[in-house]
Amino acid sequence: MKNPRGQIGEAKNQRFFLAPLDQKLKKGQIGDTMTWVVATLVIVVILGVSVFAATLSPIKSSREFKLDRKADLLATKSLVNYLSSEEKGEIIYTKLRKEEKLKNSTKIIEGLYEDDYYREADLYIVNNKDVVSGEIYDVKCEVESKIKLNNLKDILLCLGRKG
Amino acid sequence: MNRRGTDKIISVYWFAILFIVAAAVVYMVVVFYGTPYDIRGAEASAMINQIADCITENNILKMSVNNDNFLEECHINLGKEEMYYVEVEDLGIVKGNFNLNDFCDKEGDKLPKCVERKLYLLGGEIVGIKVVVNKVK
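To start, this report covers the structure provided alongside it.

Conventions used here
- Residues numbered from 1 in each chain as written.
- Chains lettered and ligands numbered in written order.
- Predicted model: local features only at pLDDT ≥ 70, side-chain atom pairs only at ≥ 80, totals over all residues.
- Heavy atoms only, no water.
- Helix = DSSP H or I, 4+ residues; strand = E, 2+ residues; numbered from the N terminus.
- Buried < 20%, exposed > 50% of the residue type's maximum accessible area, 1.4 Å probe, protein only.
- Contact = heavy atoms within 4.5 Å.
- Phe/Tyr/Trp six-rings, centres within 6.5 Å; stacked < 30°, edge-to-face > 60°.
- Disulfide = S-S within 2.5 Å.
- Buried area = accessible area lost by both parts, 1.4 Å probe.
- Salt bridge = Lys/Arg side-chain N within 4 Å of Asp/Glu carboxyl O.
- Pairing = 2+ DSSP bridges.

Here we take up the overall build of chain A. From N to C terminus, chain A includes five helices and six strands. Each helix and strand of chain A, placed in order from N terminus to C terminus, yields the pattern α-α-α-β-β-α-α-β-β-β-β. A buried classification covers 31% of the 163 residues belonging to chain A. Expressed as a percentage of contacts within chain A between residues at least 6 apart in sequence, the contacts between residues at least 24 apart total 51%.

Right under this line is the structure:
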């Protein structure tokens, strides 16, 4: 007595071995083709998403080349000229130093470059990186200018850029 | 024989996929990096720095520079003059395509780029320098 499961398995084997060779190879071909069709679809979808993302990317629309954003030659020149100018027979730098109001000189930057920089600016004298004079606020130092006073001291100007 | 046929079909798939992937990569690179850099702002700023240097001497205005000798004195070559407009207040210097000046109060990627800056001179004089650069056609 054969069990019924064994009979079914035998019948399957017989069908496979007795089936024509063409039919068996077709099954293999259909399997391979289906795999590739699905793989192609997956690849096309992934590429489509990537192409769409590249098209929408905000980087490509703002490809403006900018010069050295850490320096501003004109602002530095203006500040040096202002500090070197005379007011009532006295050099403005000397006067502001005497009055401990050196930071007031940044008003020249505010006045001339208010479209470029925030009103708040830091200006202080440094001696070997130690602050000798001036107040320090928490200005994000995006533009930094160093003006040499002598071999030891520098004036450091910090400006925060608008935009 | 048929197995070989299947291999051939799969090879065609392989090439098709290879072509699609390569084409997509090239397209993405062109889309992403194909937009040219806009250097007009940088060019205008560089010109302003150059002009500020040449119209001043010892931090005061060099009165010898005028509209006639400005380009030679400042070593500026405007090349195609219709592409640029340069104006220096106080010295009465106006060079290049004056029509570009009309675009200074308008904003847009395709419009000429206008950069205007001021320079404080020794003694309190303030000089304004304006440079407009048109888009390359």
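With that out of the way, let us pick up the packing of aromatic side chains. Any two aromatic rings considered together are summarised by their centre-to-centre distance and by the angle between their planes. Taken as a whole and assessed by the stated rule, the structure comprises three aromatic pairs over all chains. Seen in terms of ring centroids, Tyr-82 of chain A and Tyr-120 of chain B are 5.5 Å apart; in terms of plane orientation they differ by 80°. Their pairing is edge-to-face. Within this pair, whereas Tyr-82 of chain A is found in helix α3 (residues 73-84), its partner Tyr-120 of chain B is found in strand β5 (residues 113-120), the two belonging to separate chains. Measuring from ring centre to ring centre gives 5.6 Å for Tyr-85 of chain B and Phe-98 of chain B, while their planes differ by 80°; the resulting arrangement is edge-to-face. Pair noted here: Tyr-85 of chain B is in strand β3 (residues 84-88) and Phe-98 of chain B is in the loop between β4 (93-96) and β5, with a separation of 13 residues, a long-range link. Look at Tyr-85 of chain B and you get buried, because its relative accessible area is 0%.

A word on the state of the cysteines. Residue and element names in this part refer to chain B. Per the stated rule, a full pass over the model turns up two disulfides over all chains. Between Cys-54 and Cys-74 runs a disulfide, and the two sulfur atoms are separated by 1.7 Å. Of the two residues, Cys-54 is situated in helix α2 (residues 40-54) and Cys-74 in the loop between α3 (70-73) and β3; the sequence distance between them amounts to 20 residues. Put simply, Cys-104 and Cys-114 are joined by a disulfide, and their sulfur atoms are 2.1 Å apart. Between Cys-104 and Cys-114 the sulfur-sulfur dihedral comes to about 90°; the bridge is accordingly right-handed. Pair noted here: Cys-104 is in the loop between β4 and β5 and Cys-114 is in strand β5, with a separation of ten residues, a long-range link. You can call Cys-104 partly exposed: its relative accessible area is 25%. For chain B, the disulfide bridges join cysteines in the arrangement 1-2, 3-4, where the cysteines are counted in sequence order.

Interfaces are often sized by the amount of accessible area the parts lose when they come together. Listed per partner, the contact involves 41 residues of chain B and 35 residues of chain A. In total, about 3600 Å² of surface goes out of reach between chain B and chain A, with carbon and sulfur atoms giving 65% of it. Sorting the residues of chain B by area buried against chain A places Phe-32, Arg-117 and Tyr-120 of chain B first, and these three jointly supply 20% of that buried surface. Here chain B is connected to chain A by three salt bridges.

Before going further, it helps to spend a moment on the pairing of β3 of chain B. All names here are of chain B. Burial within β3 is extensive, with five of its five residues counted as buried. Judged by which residues are buried, β3 turns out to be covered on both faces: Tyr-84, Val-86 and Val-88 on one side and Tyr-85 and Glu-87 on the other are all buried. Where β3 lies against strand β6 (residues 126-133), five bridges are found, and the strand directions are antiparallel. The residue of β6 that forms the bridge with Val-88 is Ile-129. In this structure, the hairpin formed by β3 and β4 is closed by a connection of four residues, where Asp-90 is found at a positive phi of approximately 75°.

All names here are of chain B. At Asn-58, a residue that is not glycine, the phi angle is positive and equals roughly 55°. Of note, Asn-58 is situated in the loop between β1 (56-57) and β2 (60-61). Exposure remark for Asn-58: the relative accessible area of 68% places this residue in the exposed category. With a phi angle near 50°, His-75 is a residue other than glycine that sits in the positive phi range.

A few words on the environment of Gly-123 of chain B. Residues and elements named next belong to chain B. Looking at where Gly-123 falls in the secondary structure, it is placed in the loop between β5 and β6. Given a relative accessible area of 66%, Gly-123 falls into the exposed group. Through-space distance from the C-alpha of Gly-123 to that of Asn-59 is 9.0 Å; in sequence the pair is 64 residues apart.

Read these as spatial facts, not as claims about activity.
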